[in-house]
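Understanding the architecture of this molecule
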Amino acid sequence: MAELSTVARPYAEALFAAARDDQTGLAGWAELVDELAQIASNPDVREALADPRLGDAQRADVFVGLVKTSLPQAARNFIELLVQNDRLLLLPVIASQFTALKNRHEGTAQAEITSAFELTEAQVADLVAALEVKFGLKLRPHVTVDPSLIGGVRVAVGDQVLDTSVQAQLARMRDKLAA
């Protein structure tokens, strides 16, 4: 079976192309796609949509009924397409890829910063400024605390990881000594 990301990619690319040309704009579509992904990732929704007694039209109606915001016709069409192709439950993966396409288009990226200790806003701003120079992108930080790092930070931007934590340094030292 194909990877979920491979199956979701054409849908994310088509949705991105449609959103880029829409007057609502990418930001509005990104919020809508995130909401759709949250609904699709709910276990109760997943179970209800997997019910074999429901037809495609009923599945689409049930899903659209769960959306709180007003759906443009293009979004309804997209949901109906996903239902027809039995891909509605791929919405979380599609949303992730849509966000990546949006970020690439805007020249931005999400920076997952994990620190051993709580960082002040000034420290985060200084770190992000240095990372933006290193990665050449405008970064939006998401900071979490993980005491198991002992000290330092681990930063993930896309598929690139910069790990300056004490835990990583100890692991490298252990590997060198064991070799």
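Residues numbered from 1 in each chain as written. Predicted model: local features only at pLDDT ≥ 70, side-chain atom pairs only at ≥ 80, totals over all residues. Heavy atoms only, no water.

As recorded by an unreviewed UniProt entry, the protein carries the name ATP synthase subunit delta and is attributed to Bordetella ansorpii.

Considering the sheet that holds strand β1 (residues 108–115)
The line we're drawing: Strands pair, by our definition, only if DSSP identifies at least two bridges between them. The helix count covers DSSP runs of H or I at least four residues long, the strand count covers runs of E at least two residues long, and both are numbered beginning at the N terminus. Axis geometry follows a simple rule: fit a line to the C-alpha atoms, using only the stretch in contact for helices, then measure angles between N-to-C directions, giving values from 0 to 180 degrees. Pairs of residues are marked as contacts when any of their non-hydrogen atoms sit within 4.5 Å.
Strand order in the open sheet made by the 4 strands is β2-β1-β3-β4, with mixed pairing throughout. What marks the edges here is a single partner per strand, and that holds for β2 (138–145) and β4 (160–163). In this sheet, adjacent strand axes meet at a mean angle of 20° when their direction is disregarded. In this sheet, β2 lies alongside β1 in parallel orientation, the contact comprising 8 bridges. Residue pairing across strands places alanine 111 opposite proline 141, the latter belonging to β2. In the packing of helix α6 (residues 91–106) onto the sheet, contacts are made with β1 and β2, and the angle to β1 comes to roughly 110°. Along the sheet, helix α7 (residues 121–135) contacts β1, β2, β3 (153–157) and β4; its crossing angle with β2, the most-contacted strand, is approximately 130°.

Some thoughts on the pattern of salt bridges
Note the following rule: When a carboxyl oxygen of Asp or Glu is within 4 Å of a side-chain nitrogen of Lys or Arg, the pair counts as a salt bridge. Whether a residue is buried, partly exposed or exposed follows from its accessible area with a 1.4 Å probe, protein chains only, as a fraction of its type maximum: under 20%, in between, or over 50%, in that order.
Counted by the stated rule, this structure contains 5 salt bridges. Between glutamate 106 and lysine 102 there is a salt bridge, and its shortest N-O distance comes to 3.2 Å. Placement of the pair is glutamate 106 and lysine 102 together in helix α6, with a separation of 4 residues, close to one helical turn. Residue glutamate 106 is classed as partly exposed on the basis of its relative accessible area, which comes to 39%.

Here's the deal with the packing of helix α4 (residues 56–66) against helix α5 (residues 73–84)
As a reminder of what qualifies: Between 65 and 115 degrees an angle is taken as roughly perpendicular, under 35 as roughly parallel, over 145 as roughly antiparallel, and anywhere else as oblique. Handedness of a crossing is defined here by the sense of rotation of the near helix relative to the far one, left-handed for an anticlockwise turn of less than a right angle and right-handed for a clockwise turn.
Where α4 meets α5, the axes come as close as 9 Å, and the angle between the chain directions of the two elements is 135°. Here α4 is positioned oblique relative to α5, judged by the angle of their axes. As α4 packs across α5, the resulting crossing turns out to be right-handed. Contacts between α4 and α5 involve Asp56, Arg59, Ala60, Phe63 and Val64 from the former and Arg76, Ile79, Glu80, Val83 and Gln84 from the latter.

Re the pairing of β3
The side-chain alternation of β3 yields one buried face, formed by Val153, Val155 and Val157, and one unburied face, formed by Arg154 and Ala156. Note that β1 and β3 share 5 bridges and pair antiparallel. Paired with threonine 114 across the strands is arginine 154, a residue of β3. Summarising the sheet, β3 and β4 pair through 4 bridges and their orientation is antiparallel. Its bridge partner lying in β4, alanine 156 is registered against valine 161. Connecting the antiparallel pair β3 and β4 is a turn made up of 2 residues, with glycine 158 showing a positive phi of about 65°.

Side note on a nonpolar patch on the surface
Rules: Residues with no salt bridge and a relative accessible area higher than 30% make up the patches, which join like charges within 9 Å and nonpolar side chains (Val, Leu, Ile, Met, Phe, Trp, Tyr) within 5 Å. Using the Shrake-Rupley algorithm and a 1.4 Å probe, accessible areas are obtained, with residue cover drawn only from the displayed protein chains.
Taken together, the side chains of Ile150, Leu170, Met173 and Leu177 make up a nonpolar region of the molecular surface, amounting to roughly 430 Å² of accessible area. Mapped onto the elements, leucine 170 comes out in helix α8 (residues 166–178). The class for leucine 170 is partly exposed, based on a relative accessible area of 45%.

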